[in-house]
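# Working through the structure, step by step
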Amino acid sequence: MNKSIAIALTLVVATVAVGLPVWLAIVESERQGLEAVTERTLGYARDVLRRSDSTADQVANGFARLTASADGNPCSETQLGMMRQIDLSSKYVQAIGYLEDGRLLCSSLGRDTKGLLIGSPDFMTSGGVAVHKNLRLPFAPLETFIALRQNHYVAVIHKDLPIDITTTEQDSSLAIFVLGEATPMSSRGFVNRDWVGRLGRRSEATFIDSGHVVAVAKSTRYRSAAVAAVPMHHLSTRTREVALRLVPVGIVAGVVLAIAVLLLARTQMAIPAAIKSGLKRRQFFLLYQPVVDLATGEWVGAEALIRWRRPGGELIMPDFFIPLAEQNGLIEQLTHCVFQLVARDAGTFMQRHPAFHIAINLSAADLHSPHLLTLLDGLSAETGVSPHNVLVEITERGLVNVDAVRQVLHDVRAKGFRIAIDDFGTGYSSLSYLEALEVDYLKIDKSFIDAIATEAPTSNVVHHIIGMAKSLELRMIAEGVETQEQAHFLRERGVEFAQGWLFGKAMPFTELEQQMLGRATAAMEEQQQV
Ligand SMILES: Nc1nc2c(ncn2[C@@H]2O[C@H](COP(=O)(O)O[C@H]3[C@@H](O)[C@H](n4cnc5c(=O)[nH]c(N)nc54)O[C@@H]3COP(=O)(O)O)[C@@H](O)[C@H]2O)c(=O)[nH]1
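Residues numbered from 1 in each chain as written. Predicted model: local features only at pLDDT ≥ 70, side-chain atom pairs only at ≥ 80, totals over all residues. Heavy atoms only, no water.

## Observations regarding the side chain of His-212
Among the structural elements, His-212 can be located in strand β10 (residues 212-218). Polar contacts involving the side chain of His-212 include one to the main-chain carbonyl oxygen of Ser-210, which spans 2.8 Å. (Helix = DSSP H or I, 4+ residues; strand = E, 2+ residues; numbered from the N terminus. Polar contact = N/O pair within 3.5 Å; in protein donor to acceptor, adjacent residues only side chain to side chain.)

## Details of a nonpolar patch on the surface
Residues Val-12, Val-16, Leu-20, Trp-23, Leu-24 and Val-27 make up a contiguous nonpolar surface patch of roughly 560 Å² in combined accessible area. Among the structural elements, Val-16 can be located in helix α1 (residues 3-68). (Patch = residues over 30% accessible without salt bridge, like charges linked within 9 Å, V, L, I, M, F, W, Y side chains within 5 Å. Areas by Shrake-Rupley, 256 points an atom, 1.4 Å probe, with all protein chains shown as cover. Salt bridge = Lys/Arg side-chain N within 4 Å of Asp/Glu carboxyl O.)

## A few points about the UniProt feature "transmembrane region" (unreviewed entry) in the protein chain
Listed under "transmembrane region" (unreviewed entry) in the UniProt record, and renumbered for this structure, are residues 242-265. Secondary structure content for residues 242-265 is 100% helix and 0% strand, while the C-alpha to C-alpha distance between its ends is 34 Å. (UniProt positions renumbered as here; feature names shortened; annotations may be inferred.)

## Observations regarding the sheet that holds β10
Strand order across the open sheet formed by five strands is β8-β7-β11-β10-β9, with antiparallel pairing between neighbours. Of all strands in the sheet, those with a lone pairing partner are β8 (186-188) and β9 (204-209), marking the two edges. Strand-to-strand, the axes of this sheet are offset by a mean angle of 15°, without reference to chain direction. (Pairing = 2+ DSSP bridges. Axes fitted to C-alpha atoms, helices over the stretch in contact; angles between N-to-C directions.)

## Quick word on the pairing of strand β4 (residues 130-137)
By the criterion of burial, β4 is predominantly enclosed, with six of the eight residues buried. Where strand β3 (residues 123-124) and β4 come together, two bridges link them in antiparallel fashion. Bridging from a neighbouring strand, Met-124 pairs with Ala-130 of β4. In textbook terms, the turn of a hairpin is the stretch between consecutive antiparallel strands, and for β3 and β4 this stretch comprises five residues, one of which, Gly-128, has a positive phi near 80°. Of the pairings in the sheet, the one linking β4 to strand β5 (residues 140-150) comprises five bridges and is antiparallel in character. Bridge pairing in β5 places Leu-135 opposite Phe-145. Once β4 ends, the chain turns through two residues before running back antiparallel as β5. (Buried < 20%, exposed > 50% of the residue type's maximum accessible area, 1.4 Å probe, protein only.)

## What to know about the sheet that holds strand β6 (residues 153-158)
An order of β2-β1-β6-β5-β4-β3 is seen for the six strands of this open sheet, with the pairing classed as antiparallel. The open sheet is flanked by β2 (103-107) and β3, the only strands paired with a single partner. Where strand β1 (residues 95-100) meets β6, four bridges bridge the pair, whose relative direction is antiparallel. Looking at the pairing, Gly-97 lines up with Val-154 of β6. The sheet strands contacting helix α2 (residues 77-89) are β1, β2 and β6, and the helix crosses β1 at an angle near 140°. (Contact = heavy atoms within 4.5 Å.)

## Here's the deal with helix α12 (residues 484-492)
If you check which residues of α12 are buried, you get Gln-486, Ala-487, Phe-489 and Leu-490. On an axial view of α12, the arc spanned by its buried residues comes to 160°, and they lie on one face. Relative to its buried face, α12 has exposed residues pointing more than 90 degrees away, namely Gln-484, Glu-485 and Glu-492. Where α12 is buried, its residues contact α10 (446-450), α11 (461-471) and β19 (475-478). Gly-494, located one to two residues past α12, shows a positive phi value of around 85°. (Arc of directions from axis to C-beta.)

## Points about the site of the ligand
Among the 22 residues in the neighbourhood of the ligand, the closest are listed as Glu-303, Arg-307, Asp-423, Glu-479 and Glu-482. Separating an oxygen atom of the ligand from a side-chain N or O atom of Asp-422 is a distance of 3.1 Å. Here a nitrogen atom of the ligand and a side-chain polar atom of Glu-482 are 2.6 Å apart. Across the complex, the protein chains shield 83% of the 830 Å² of accessible surface that the ligand would expose by itself. (Near = heavy atom within 4 Å.)

Here is the structure:
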């Protein structure tokens, strides 16, 4: 990738890394702000409903007590005493009395109210209670009351009593409705008469309408509903409060993320230059992992695995730098280095052990390199090693373009070198696909070996791979064998070769040589004893 494009991309990613957490913090602040205001508005509606229900309870209870103790004279001393007691003991009822022809005959307020005209009601509830919504009393000319009348009894309550609750927002609206009535019994602030209708069959509803967060709550015992509404501008106050908490967290998270992105990008951009310098300064070296004949246990070959020792002593594994070398057009130089190292490490040994092979990993780009055949020829010419003893490993990913690769593989094999398909089963190879290519070995990927004799869904795949290899008359090398059970399973099913920690980890070539010598000596001694 072009360096300036990489820098531009990195900056874009870093900007997103800062912007995204901040944006998320703002969205979350708004969500929390709305949630808090909605919850509070619903709380107001519930408070109003609770007061309204309690008032209705006290009125009903007062009427029931007076009816039960009626003695033929509705204004007897006993009845008046009862009225005063109901008045004093109930929190919400201001007065209770007895009516005849719409006029008070007597009440808990005393004799002065005798003859007071209550008038005709505004409406009747379905429970048979007559409601006067705007009653004026001569001794409190500035106040408005509600009168509730049943049979001859009447209870008076202050009009604002059900909505007399404390709210944080001075401009919030409150109302109590009798269901079916268009106008509220009592209200304060702006109230839309359609809001109650939005309850539907629900007992509570919250929504945004006419610039307000609205909550409606319906009584479960009376045919009434309370409404509370808080103007939307309180939302921004609340959102600001939450944002003040969250946005700094978002900024810190964003900056940390951006720094991480920039550091990563710097490392990624610096690595190709470091690989080039590492190649110059000979920082790359090879370890060799033995390949074992499963039938005899003999070490018949080894796979060359590259390592990178940085100047500080840090060991870097190929999983990290090979993909970066591939992306940055450096893989051919690395492969060239591998061939040189193999020649230096193993050349003499292989001349002495003509049956021993060395496997070299190739990347997809190597297959399309015009230098590949020269490299291979150079290796055998320089070391005197027969091409037959060199195995090139190609991953399935390297075979994407079959037509382009077919000729290369043909040419490599024509020179006597052998070919293995690496990590088999992890890519997209099919039987027909493999039939079209000239290869000698299939390397069964470690993931399928791990699944042997387990409950893993892939535990059966190894059977199919073995079947496929046999039908194509390919020899098999199992990768990553770690247990005797896996080795036994593979041997029983005719897999010829294996690699893995069970037999030996990747090691310097000198160590591999010594171990082979030790094994040969031990085998000879054993034979002599027989
Ligand atoms: N193009 C090139 N690719 C290369 C080269 N050298 C290595 N590689 C590729 O890098 C990948 C990782 O390799 P490495 O970290 O060396 O790991 C190898 C073994 O150490 C590991 N292994 C082997 N046996 C076991 C085991 O029993 N258990 C276990 N946990 N790991 C084990 O497997 C890796 C060998 O893989 P493979 O090549 O598929 O046989 C890896 O993909 C290498 O191919 C290079 O020079 N060029």
